[in-house]
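Report on the structure
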Amino acid sequence: MGFMYNLIRSQFFTKLPVPTSSFAGQTVIITGANTGLGLEAARHIVRLGAEKVILAVRTVAKGEAAARDIISSTKVKSNTVEVWQLDLSDYESVKAFGARVATLDRLDAVIQNAGILTNNFDVLEDNESHITVNVISATLVGLGALPKLKETSIRFGVKTRLEFVGSDMQWIAKYKESETSGSILDALAKKEGADMGDRYAVSKLLLLYTVREIAARQPLGKARVIVDCVTPGACASDIFRDDMSWLRSVIQGFMVSLFARTTEVGSRALVHGVKPDLEDNAHGAFLQDCKVFPNGPNVDSPKGQQWAQRWIEEFFPKLESIQPGVTKVLS
Ligand SMILES: NC(=O)c1ccc[n+]([C@@H]2O[C@H](COP(=O)([O-])OP(=O)(O)OC[C@H]3O[C@@H](n4cnc5c(N)ncnc54)[C@H](OP(=O)(O)O)[C@@H]3O)[C@@H](O)[C@H]2O)c1
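Here's a quick rundown of the structure. (Residues numbered from 1 in each chain as written. Predicted model: local features only at pLDDT ≥ 70, side-chain atom pairs only at ≥ 80, totals over all residues. Heavy atoms only, no water.)

Let us now look at the sheet that holds strand 10 (residues 291-293). If you trace the 8 strands from one edge of the open sheet to the other, you get 3-2-1-4-7-8-9-10, paired in mixed fashion. Bordering the open sheet on either side are strand 3 (81-85) and strand 10, each of which pairs with just one other strand. Sheet twist, expressed as the mean angle between neighbouring strand axes with direction ignored, is 30°. Here strand 9 (residues 286-288) runs beside strand 10; their pairing, made up of 3 bridges, is antiparallel. Paired with Phe-286 across the two strands is Phe-293, which belongs to strand 10. Across the sheet, helix 5 (residues 129-156) lies against strand 1 (27-31), strand 4 (109-112), strand 7 (160-165) and strand 8 (225-231), angled at about 170° from strand 7, the strand it touches most. (Pairing = 2+ DSSP bridges. Helix = DSSP H or I, 4+ residues; strand = E, 2+ residues; numbered from the N terminus. Axes fitted to C-alpha atoms, helices over the stretch in contact; angles between N-to-C directions. Contact = heavy atoms within 4.5 Å.)

Attention shifts here to the nonpolar core. Across soluble globular proteins, nonpolar side chains show a tendency to be buried alongside one another. One finds Ile-29, Ile-136, Leu-146, Leu-206 and Trp-311 to be the most contacted residues of the largest nonpolar core, which totals 63 residues. If you tally residues by element for this core, the top one is helix 5, at 11 residues. Not counting residues up to four positions away in its chain, the partners in contact with Ile-136 are Tyr-91, Asp-126, Asn-127, Ile-131, Leu-185, Phe-315, Lys-318, Leu-319 and Ile-322. Listed in part, the 36 residues of the second largest apolar core include Phe-23, Ala-67, Val-274 and Ala-285. (Core = buried A, V, L, I, M, F, W, Y, C linked by side-chain atoms within 4.5 Å. Buried < 20%, exposed > 50% of the residue type's maximum accessible area, 1.4 Å probe, protein only.)

This part covers the packing of aromatic side chains. Under the definition given, this model contains 6 aromatic pairs. For the pair Phe-315 and Phe-316, a centre-to-centre distance of 6.2 Å together with 90° between the ring planes defines the contact as edge-to-face. Each member of the pair, Phe-315 as well as Phe-316, is classed as buried. Members of the aromatic cluster, joined through ring pairs, are Phe-12, Phe-13 and Phe-259. The side chain of Arg-106 reaches across the aromatic face of Phe-156, ending 4.1 Å from its centre. One cation-aromatic arrangement involves Arg-217 over Phe-316; the distance from NZ or CZ to the ring centre is 4.3 Å. (Phe/Tyr/Trp six-rings, centres within 6.5 Å; stacked < 30°, edge-to-face > 60°. Lys NZ or Arg CZ within 6 Å of the ring centre and 35° of its normal.)

Attention shifts here to the pairing of strand 1. Taken residue by residue, a regular strand's side chains alternate between the two faces of the sheet. Where burial is concerned, most of strand 1 is hidden: 5 out of the 5 residues are buried. The two faces of strand 1 match: Thr-27, Ile-29 and Thr-31 on one face and Val-28 and Ile-30 on the other face are all buried. In the sheet, strand 1 pairs with strand 2 (residues 52-57) via 5 bridges, with the strands oriented parallel. Note that in strand 2 the partner of Val-28 across the bridge is Val-53. In this view, the connection linking strand 1 to its parallel neighbour strand 2 by way of helix 2 (residues 36-47) has right-handed handedness. Pairing of strand 1 with strand 4 involves 3 bridges; the strand directions are parallel. For Ile-30, the partnering residue across the bridge sits in strand 4 and is Ile-111. (Right-handed = clockwise from strand over helix to strand, strands pointing away.)

Quick look at the structure:
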């Protein structure tokens, strides 16, 4: 199966089911929930009866507008939806968010959805923006929430879920930074020669390697936390919002109108990846079209396995250098 075959089959011939599993009594966090896929996933989860849904957003005013929109469309009690500040371009904000998560009484699911796609080479914190936001901070958010997800699973005897939103673009990442004989993170931080057309795909590939490693180090045992990586498929959202020439934006707009899903439809895949009755085989898996999907050649080939191992060897110590002790939650 190739990338194009999957894309066509998924976008034109696959209908994502409307989520129906009850979230009654549950607390769920969704990052980047003020717009796009995150907003629609939050709306579904509120509709499905969650006790508390936390919209984790970088601009609180945008989060509050989203909360009002969700409350008026679902007619739930206003205290069902909370807005918490989280900026993935700032490690201190990510750490503070983790500390706040620890104060929750329970936490049943997290959708680490916030992410970026840009052609600009920008540096945020100590790396290029896709690497900082889509990979490093995304992982820190997940690891920061994991203790509470484990605790909730044991205390209430439930399966809890930690989802990272990835992308099918990881299938076709060229990942030429892997050719360096030195540090991969240093290669990704270098502006000169950066292939920004490939960078989003690379970030989602590195995220998938990381998700698989977290799942492998956190097997389902006494604490049952399902850790997965979900792609919503191509959706018409604000993800392409910045820095497009008018020609590119016209072409992109045409492609999007031709085959993209709405964010509501795409969000069904996000909700599926955290549903309370999610099957155990989702643990450590790449999910597409609401089912466990092949990881693709960049993961399963011998070359992909080498890439993953090398990434993990460098990345986990890096996480510790940013937030000492953060990986200790992995048993
Ligand atoms: N749309 C697609 O076709 C597609 C396909 C595959 C995967 N995905 C993934 O789906 C996820 C959601 O994307 P989307 O399509 O819904 O895009 P979107 O409409 O652009 O939403 C992205 C969300 O992430 C937030 N965000 C960006 N940078 C952030 C930061 N530094 N700190 C905190 N929040 C930040 C945005 O907040 P602001 O509004 O404040 O910027 C926004 O809420 C992303 O991970 C994306 O990679 C999308």
